[in-house]
Amino acid sequence: RKYTSTVQVHHPTANVIAHSYFLKYPFKVLGLRPDSLGRLLSFANLEPNVRVCLKEDCNGLLAGSLSERAGPGSEVVRVYSTRMPDMHTGVLQHFEEDVQERVLHLPASWVAEGVTEGAIGVHVENKVKGSRIRDLEPVLPLADTRDGGSGAAATTDGAKPPSPGKRKRFDDEGMRRVRWAKSERDRQRAFQHLAQGVDSLVIATRTCPLQALALLFSSLRYSGPFVVFSETPRMISRCYWALKAHDAAVFMAVSETWFREYQVLPNRTHPDVSMHGGSGYVLYGVKVETETPFTYEAYLNSTFNSTRRDT
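Source: prediction; values computed, not measured. (Residues numbered from 1 in each chain as written. Predicted model: local features only at pLDDT ≥ 70, side-chain atom pairs only at ≥ 80, totals over all residues. Heavy atoms only, no water.)

### Comments concerning the packing of helix α2 (residues 34-43) against helix α3 (residues 61-70)
Between two packed helices, both the angle of their axes relative to each other and the distance between the axes serve to describe the pair. Two numbers describe how α2 lies on α3: the axes approach to 11 Å, and their chain directions differ by 55 degrees. One finds that α2 runs oblique with respect to α3. Crossing of α2 against α3: the hand is right-handed. Judged by residue contacts, L37, L40 and L41 of α2 engage L61, L62, S65, L66 and R69 from α3. (Axes fitted to C-alpha atoms, helices over the stretch in contact; angles between N-to-C directions. Helix = DSSP H or I, 4+ residues; strand = E, 2+ residues; numbered from the N terminus. Parallel < 35°, antiparallel > 145°, perpendicular 65-115°, else oblique. Left-handed = near helix turned anticlockwise from the far one by under 90°. Contact = heavy atoms within 4.5 Å.)

Structure, rendered in structure tokens:
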């Protein structure tokens, strides 16, 4: 019994998925422990029917967790910088389907173009008008030969019915068109949410989160909470002082999540010998209106947009 392997099947919740990935692949989820993930969700102040903007490098763990916590009626706008979103290959695929449906993927290039133009609402109208979305062309009807039919129903002019290989190509092409059209509609809806303003902003990136914060901060409504997670305090300090210089937020604070596990046994209760203590740093606060707003243009023209070594 000592060396017996046991298998447990759990419901795919954010806590279970975060715990599993932290034990086996912590580098894939930015070293987020379940307790650190809970702090981010708590500071985001999620409630029903909210719109959340997210920039993350956790392979979809934060996106699924935010969508699960917010519940039905809410949507998460996930901004990605890669060529394609990892919606089918990352951690997000382990969540339930209704949780995945509430996550909208938007390329960062769209956001950068709209912000630099100075009118994100006008930019989204141009994107919608110039979209490549078109009505799905009808795919050749295919006969169902599973019930013993000859497949003659697939043709109306007496032509030879398509072969099984061609039938599969038709099915694949139709599915690609449906997925492509859905992704385009999701992008437009996500961009419209940014134009109207989101209720919360969450950022967790491997690189310095200041650029992402400057890019998305203007889409956050006033009195909306924001949360920034980073593995090092230097990156968090740059975000803190940039917001402080513009008086763009109140109730700002930086905290470090420290976790310690205990072994509880008769006459042997003590902390674990080997443990993972720290799990990154969190900056949180509330956005307010100011005379010098913190915008993307202000970030590009400020001294914070540099690669100098912070002291």
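Text resumes after the structure shown.
### A look at the sheet that holds strand β3 (residues 103-107)
Sheets are built from strands paired through backbone hydrogen bonds, the pairs being either parallel or antiparallel. The strand order across the open sheet formed by 7 strands is β3-β2-β1-β4-β5-β9-β6, and the pairing between neighbours is mixed. Sheet topology places β3 and β6 (249-258) at the edges, where each strand pairs with a single neighbour. Each strand axis lies, on average, 20 degrees off the axis of its neighbour in the sheet, ignoring direction. Sheet strands touched by α2: β5 (225-230), β6 and β9 (278-287). Its angle to β6, the strand with the most contacts, is close to 170 degrees. Across the face of the sheet, helix α9 (residues 233-246) comes into contact with β5, β6 and β9 while running at roughly 150 degrees to β5. (Pairing = 2+ DSSP bridges.)

### Here we look at the packing of aromatic side chains
Across all of its chains, the model carries 6 aromatic pairs by this definition. Each ring, one from F217 and one from F294, has its centre 5.9 Å from the other, and the planes form 70 degrees; the classification is edge-to-face. Remark: F294 occurs in the loop between β9 and α10 (296-300) and F217 occurs in the loop between α8 (210-216) and β5; sequence separation between them is 77 residues. Each member of the pair F217 and F294 is classed as buried. Taken together, the aromatic side chains of Y21, Y25 and F27 make up a single cluster linked through ring pairs. Above the plane of the ring of Y25 lies K28, whose end atom (NZ or CZ) is 4.4 Å from the centre. (Phe/Tyr/Trp six-rings, centres within 6.5 Å; stacked < 30°, edge-to-face > 60°. Buried < 20%, exposed > 50% of the residue type's maximum accessible area, 1.4 Å probe, protein only. Lys NZ or Arg CZ within 6 Å of the ring centre and 35° of its normal.)

### Some thoughts on the pattern of salt bridges
Evaluation of the coordinates by the stated rule reveals 6 salt bridges. The salt bridge involving R189 is made with E75; its shortest N-O contact spans 3.0 Å. Remark: E75 occurs in strand β2 (residues 75-80) and R189 occurs in helix α7 (residues 164-196); sequence separation between them is 114 residues. Given the relative accessible area of 28%, R189 is considered partly exposed. (Salt bridge = Lys/Arg side-chain N within 4 Å of Asp/Glu carboxyl O.)

### Looking at the pairing of β9
Two elements, β5 and β9, share 6 bridges in a ladder whose sense is antiparallel. Its bridge partner lying in β9, S230 is registered against Y281. Both β6 and β9 contribute to a ladder of 7 bridges, which runs antiparallel. From the neighbouring strand, V254 faces β9, where its bridge partner is L283.

### Comments concerning α9
Here α9 contains 14 residues, and its C-alpha end-to-end distance of 20 Å stays within 8% of the 20 Å for a straight helix at 1.5 Å per residue. Check the buried side of α9 and you find it contacts α8, β5, β6, β9 and α10. Just past α9, the residue D247 takes up positive phi, approximately 50 degrees. (Expected span 1.5 Å × (residues − 1).)

### Some thoughts on a negative patch on the surface
On the surface, E68, E96, E97 and D98 cluster together into a negatively charged patch. Residue position: D98 is located in helix α4 (residues 97-101). In this structure D98 comes out as partly exposed when scored by relative accessible area, which is 40%. (Patch = residues over 30% accessible without salt bridge, like charges linked within 9 Å, V, L, I, M, F, W, Y side chains within 5 Å. Areas by Shrake-Rupley, 256 points an atom, 1.4 Å probe, with all protein chains shown as cover. Lys, Arg positive; Asp, Glu negative; His and termini not counted. Charge placed at Lys NZ, Arg CZ, Asp CG, Glu CD.)

### So, the confidence of the model for the chain
Mean pLDDT over the chain works out to 77, with 73% of the residues at or above the 70 mark. Here residues 307-311 scores under 50 on pLDDT; set against residues more than four positions off or in separate chains, the count is 4 contacts. (pLDDT = per-residue confidence, 0-100.)

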